[in-house]
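Chains, contacts and geometry: an overview
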Amino acid sequence: MIRGLDTLRADFNVLQARQQNLSSNVANVNTSGYQQKHLFQAALADVRLHNYENGPQNDQYNGLVGGISWHNQISGAKIDTTMGALKHTERPTDFAINGDGYFVVQGPNNQQLYTKNGNFRLNQQNQLVTQEGYPVLGANGQAVTGTANPNLMVVTFNDNNNIQNLGATYYTTTGGVSQAQNLQVQAGYLVDSNVSMADAMTEMMQTVREFQSSQQVLSATNQTLDKAVNNLGKV
């Protein structure tokens, strides 16, 4: 029964992580360039069943047939790189990449960050910057000035499995990037978030049902423990 409580604790942790991730995706459904994140869960590795024998000493290991996995865990996460729809804004400082590419911006400590959010603006130096003030880099690696047809640096990730979200719509990678080839950058457009509200709400409802099921099991386990502690001792 105590093992059952530990299993339920792990399940609640998994469900909470899923709910938090879904909430983050839904909150960014209208954020240009946002790419939703998916979580994956898996069972822990099986533990071999066994007991101990040898009478009073009870020190003889006896392996039994089969194994058991005690609970599930979050095994990983992946950024969904599916492109969102193009939205026409007519703003001259809005840009969209029609394809798998990412804009390159100079973040804090000169770190290069990658984003699909082309909702830029001009700063006092007439440089194209993000809404957070990060300079947008051109193909020559320098900050872009506010020209009519800027030559923006566009890259693709060498391995989409290594993409890491740094918050908002900024990404980095441990797998390296390459200069994009033959990708069209369209001025006056933005790329919408790729979050599907229908899919997110369906998954949210499933998570809520799993919460309810786990709560019912927890209630039954508590009742059983209560009887074991308060009633069996009276027999």
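Below you will find a few notes about this structure. Given the structure is predicted, the values throughout are model-derived calculations rather than measurements. (Residues numbered from 1 in each chain as written. Predicted model: local features only at pLDDT ≥ 70, side-chain atom pairs only at ≥ 80, totals over all residues. Heavy atoms only, no water.)

**Examining the overall build of the protein chain**
- Across its full length, the protein chain carries 2 helices and 16 strands.
- Relative to its full complement of 235 residues, the protein chain shows a buried share of 31%.
- Total accessible area on the protein chain is roughly 13700 Å²; 47% of this is exposed by carbon and sulfur atoms. (Helix = DSSP H or I, 4+ residues; strand = E, 2+ residues; numbered from the N terminus. Buried < 20%, exposed > 50% of the residue type's maximum accessible area, 1.4 Å probe, protein only. Areas by Shrake-Rupley, 256 points an atom, 1.4 Å probe, with all protein chains shown as cover.)

**Digging into the environment of Asn126**
- As for its position among the elements, Asn126 is in the loop between strand S9 (121–122) and strand S10 (128–129).
- Spatially, the C-alpha atom of Asn126 lies 8.7 Å from that of Val144, the residues being 18 residues apart in sequence.
- Contact partners of Asn126, with chain neighbours within four places excluded, come to Val144, Thr145 and Gly146. (Contact = heavy atoms within 4.5 Å.)

**Side note on the pairing of strand S8 (residues 112–115)**
- By the bridge criterion, 4 bridges tie strand S7 (residues 102–106) to S8 in an arrangement that is antiparallel. Bridge assignment links Val105 to a residue of S8, and that residue is Leu113.
- The antiparallel pairing of S7 with S8 creates a hairpin that spans 5 residues between the two strands, and Asn109 there sits at a positive phi of about 60 degrees. (Pairing = 2+ DSSP bridges.)

**Some words on the nonpolar core**
- Within the largest apolar cluster, 13 residues are counted, with the highest numbers of intra-cluster contacts made by Phe95, Phe103, Val105, Phe120, Leu128, Val136 and Leu152.
- When residues no more than four places from it in sequence are discounted, the contact partners of Val105 are Gln111, Gln112, Leu113, Thr115, Thr130, Tyr134, Pro135, Val136, Leu137 and Tyr170.
- The next biggest cluster of nonpolar side chains, apart from the first, holds 10 residues, and it includes Ile79, Tyr102, Val104 and Ile163. (Core = buried A, V, L, I, M, F, W, Y, C linked by side-chain atoms within 4.5 Å.)

**Examining the packing of aromatic side chains**
- All chains considered together, the criterion is met by 6 aromatic pairs.
- Taking 4.5 Å as the distance between ring centres and 50 degrees as the angle between the ring planes, the aromatic pair formed by Tyr102 and Phe157 counts as tilted. Taken as a pair, Tyr102 in strand S7 and Phe157 in strand S11 (residues 154–157) lie far apart in primary sequence, 55 residues in all. Per residue, the accessibility class of Tyr102 equals that of Phe157, and both read buried.
- Cluster of aromatic residues (ring-pair linked, three or more members): Tyr102, Tyr114, Phe157 and Tyr171. (Phe/Tyr/Trp six-rings, centres within 6.5 Å; stacked < 30°, edge-to-face > 60°.)

**A look at unusual backbone geometry**
- Positive phi values are uncommon outside glycine, yet Asn109 reaches one of about 60 degrees.
- Turning to its location among the elements, Asn109 is positioned in the loop between S7 and S8.
- A positive phi angle is found at Asn182, which is not glycine, with a value near 60 degrees.
- The topology assignment puts Asn182 in the loop between strand S14 (177–179) and strand S15 (184–187).

**So, the environment of Val155**
- Locating Val155 in the fold gives a position in strand S11.
- By relative accessible area, Val155 is classed as buried at 3%.
- Contacts of Val155, omitting those with residues within four sequence positions, involve Asp100, Gly101, Tyr102, Val104, Tyr114, Val177, Ser178, Gln179 and Ala180.

**Side note on the side chain of Thr173**
- Assignment of secondary structure puts Thr173 in strand S13 (residues 171–173).
- Among the polar contacts listed, one links the side chain of Thr173 to the backbone oxygen of Asn162, at a separation of 3.4 Å.
- A distance of 2.9 Å separates a polar side-chain atom of Thr173 from the backbone nitrogen of Gly175. (Polar contact = N/O pair within 3.5 Å; in protein donor to acceptor, adjacent residues only side chain to side chain.)

All we've got here are geometric facts, nothing functional implied.
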